[in-house]
Structure formats: C-alpha cells, structure tokens
Amino acid sequence: MLPIGAPKIYGIFGYPVHHSLSPLMQNAAFRASKVPALYIPFEIPPEALGPALRGLIALGIRGINITLPHKERAVFSMDRLTPEAQRAGAVNTVKIERGELIGHNTDGDGFLLSLRRDLKMDPKGKVAAVIGAGGAAKGVAVALLTHGVDQLFLYNRSRNRLAHLVYHLKKTFPSRKNSIFSQVIGSKKISDLKGIDLLIQATSAGMEGKMCLIEPSALHKGMRAYETIYYPKETPFLRMARQKGIPRANGMGMLLYQGALAFEWWTGKKAPVSVMKQVLKKVP
Ligand code: NDP
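### So, the domain arrangement of the protein chain
In many analyses, interface size is given as the accessible surface area lost on bringing the parts together. If you check the domain split of the protein chain, you get domain 1 (8-105) and domain 2 (108-251). A straight line from the C-alpha centre of domain 1 to that of domain 2 covers 26 Å. Across the contact, eight residues belong to domain 1 and nine residues belong to domain 2. Counting each side, the surface lost to burial between domain 1 and domain 2 is near 630 Å², with a carbon and sulfur contribution of 52%. Interface area lost by domain 1 to domain 2 is led by E72, R87 and A88, which between them contribute 62%. In this assembly, domain 1 and domain 2 are joined by one salt bridge. Residue K138 pairs with E72 through a salt bridge whose shortest N-O separation is 3.0 Å. Inspection of the domain 1/domain 2 interface yields three residue pairs in polar contact (both at pLDDT 80 or more). For the side of domain 1 that touches domain 2, a count of residues per class yields two nonpolar, three polar and three charged.

### Some words on the pattern of salt bridges
Inspection of the entire model under this criterion finds 10 salt bridges. Between D79 and R54 there is a salt bridge, with its nearest N and O atoms 3.6 Å apart. With a gap of 25 residues between them, D79 in the loop between β3 (63-66) and β4 (80-81) and R54 in helix α2 (residues 49-59) connect regions that are remote in the sequence. Overall, D79 belongs to the partly exposed group, its relative accessible area being 36%. Residue R54 is classed as partly exposed on the basis of its relative accessible area, which comes to 37%. Beyond isolated ion pairs, a larger network of salt bridges with shared partners links K95, E97 and R98.

### A closer look at the side chain of E227
With respect to the element layout, E227 can be found in strand β11 (residues 224-227). Buried charge E227 goes without a salt bridge, the closest partner of opposite sign being R239 at 9.5 Å. In terms of polar contacts, E227 uses its side chain to reach the side chain of Q201, at 2.7 Å. There is a polar contact of 2.6 Å between the side chain of E227 and the side chain of T235. Filtering out sequence-adjacent residues up to four positions away, E227 remains in contact with Q201, T235, F237, L238, A249, N250 and G251.

Conventions and cut-offs
Just so you know, the residues in each chain are numbered from 1, in the order the chain's sequence is written. Side-chain atom pairs in this predicted model are given and counted only at pLDDT of 80 or more, local residue features only at pLDDT of at least 70, and totals for whole chains, interfaces and linings cover all residues. Side-chain numbers here rest on the full set of heavy atoms in the structure, without hydrogens or water. Throughout, the edges of the domains are those of an automatic or database domain assignment. Contact between two residues is taken to exist if any of their heavy atoms lie within 4.5 Å; hydrogens are not considered. Accessible area that two parts lose when put together, evaluated with a 1.4 Å probe and summed over both, is termed the buried area. Salt bridge, as applied in this entry: a Lys or Arg side-chain nitrogen positioned within 4 Å of an Asp or Glu carboxyl oxygen. Two N or O atoms count as a polar contact when they lie within 3.5 Å, although within protein this holds only if one can serve as hydrogen donor and the other as acceptor, and sequence-adjacent residues are included solely when both atoms are side-chain atoms. Each residue receives one of three labels: charged for Asp, Glu, Lys and Arg, nonpolar for Ala, Val, Leu, Ile, Met, Phe, Trp, Tyr, Cys and Pro, and polar for the others, Gly being one of them. Think of it this way: any DSSP run of H or I at least four residues long counts as a helix, any run of E at least two long counts as a strand, and we number them from the N terminus. Buried residues are those whose accessible area, probed at 1.4 Å on protein chains only, stays under 20% of the maximum for their type, while exposed residues exceed 50% and partly exposed ones sit between those limits. Positive charges come from Lys and Arg alone, negative charges from Asp and Glu alone, with His and the N- and C-terminal ends not counted.

Put into structure tokens, the structure is as follows:
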C-alpha cells in the first residue's frame, strides 16, 4: 500500500535489478518505522548511470542504493564521498542533500556486523583469506584491513582483476602493504589454507549451486567460513563447511546490515533490524 501524503522516494539502481531483495526489505523498514516513504527498483543500463544519478536531484529523490554493475562507476558522479566510500573505491548508497549527491558505502560495515553477529568473530589479529576480486571481495577486504586483520590472503581466477584489487588495497592501506598476499588460481582449486582463521567466499561461482573453488581437504576445523552469496541459502562452499563441522554464515546478514546502515544514514532513525530480517527470512 502506498504511504498517504507525499511520500519521500528512495530506490535502487541496478542492471538487472529485478532479483534485488532491497525493495522488500526497505519498504518493510519504512512501514515499521512509520516513515512515509517508498523504495523503488530502477533498471538503469550502464550508459545511463551518470544522467540518472544527476536526475535524482531534479526529481527530489532522497536516497538511492547502487548495485551491480554500477558501484565503482558511480564514484565519478558524486559531489562528495564519505571516508567509507573513498576507502572502498565504490558507492552503494547515495544521499541527496541540498542539491548534492553524497556517496557512501555500507557494504564493508554490513559485512563486519554480520561477521560479529552471525559468526561471533572479530577480525582483529586474525588471518583471513578472501576468494574473489570483484566488488564484494573488495568491500570485504577493505573492511578486514580497516578493522585490524593481521594478514590477508587474496585468491582469484583471473590475474588482472586481482592485480587491480591488490593495487587498490596497498594504495589505501600503505602501512599494511606487507600483510597482503595474493595468488591467481586460474582453473585450479585452492588446496592449502593452513593457518587461515576466516575464509570468505566472495565470487559468484556457487550461485548456480554447483561450483566450489576449494578442495575439501583444504578446510580445517580451526576456521570459520563466510559465504557472500545469499541465494541459494546453502552453496557448495557452505555445504562443504557444514560437512566438515565448520561454523559458517551466508550473505543474508551482509545484505541485511548494509541495508540497515543505509536506512539509518538516510533517515537518522534506528533501523528496525528484526523486521527487515523477518522479511528476508520469508524469501523462499
Ligand atoms: P563481480 O562480478 O564484481 O565479481 C565476480 C567475482 O567472481 C570475480 O572475482 C570473478 O573472477 C569470480 N568468478 C565468477 N565466476 C567464477 C567462476 N566460475 N570461477 C571462478 N571465479 C569466478 O561480482 P561481486 O563481487 O559484486 O559479487 C560476487 C558475489 O557476491 C555475488 O554472488 C553476489 O551475489 C555476492 N554479493 C553479496 C552481497 C551481500 O550483501 N551479501 C553484496 C555484494 C555481492 P574473475 O575476476 O576471474 O572473473
């Protein structure tokens, strides 16, 4: 049901965007918090991103989330960036204020909240490995380095994207240069993860429910496993972790908390996290 009066408009830009659970989650949050607002998905092709972002000001839209494939390019259309967006080199949340576009990023802190609440783990002093070098891997890696991970190992199928990620991280965290290690895996599986406390699967392999990039023998009882994918709820990576008895979590928590943080930044109100969580839980 539409909110009565003149609702404030929020939304999400993606391409495609029909799969996004954010409209469901954010509209439930607005209703529960009695904020007269409406959150709408906008399918924006890459060539229309710049004009669409500038158009937000004329339309009086209050805030927008940005998802695939726009997060990195959106940086160039912002008038200002928060420190989180600067560190991430990507924008996932935009606020329109006094005719300006302010770019922010809640992915990293969303991941961190999920890590703390769903896996009861703080990255400080830990050894972590991230598989992937796309937007999700970058957000996770930035959050881990910001919050004091001791060593960070990065794995990716292709060389270029991995090199780009390593360059960004070393430039953003110059004092941590010697704590960042990387390896191209090509078509091979990762077979050695000795000493890793936290393993994060941040590639899209596994979305179809078939593929895992790790040899089962590489998983060990001392680690925790985090999967950034939230659908399917159990990927091959998480199935393997379950079979090995390893504490694990899927990306639903990251989705939830990045959304809750965006809601709070836009509205200045505490996000109704339990309502948002319930709505996501009901998704089949
Ligand atoms: P990108 O397209 O930016 O990156 C994809 C990554 O997956 C690259 O590292 C790519 O490797 C790798 N990859 C894809 N297919 C394969 C394969 N078959 N074998 C090996 N590596 C593969 O995507 P994102 O980083 O944005 O998203 C990654 C995943 O994270 C998605 O499944 C997405 O749903 C999830 N995600 C979850 C979020 C949450 O809130 N829970 C937020 C954002 C993303 P290469 O460089 O070699 O192509």
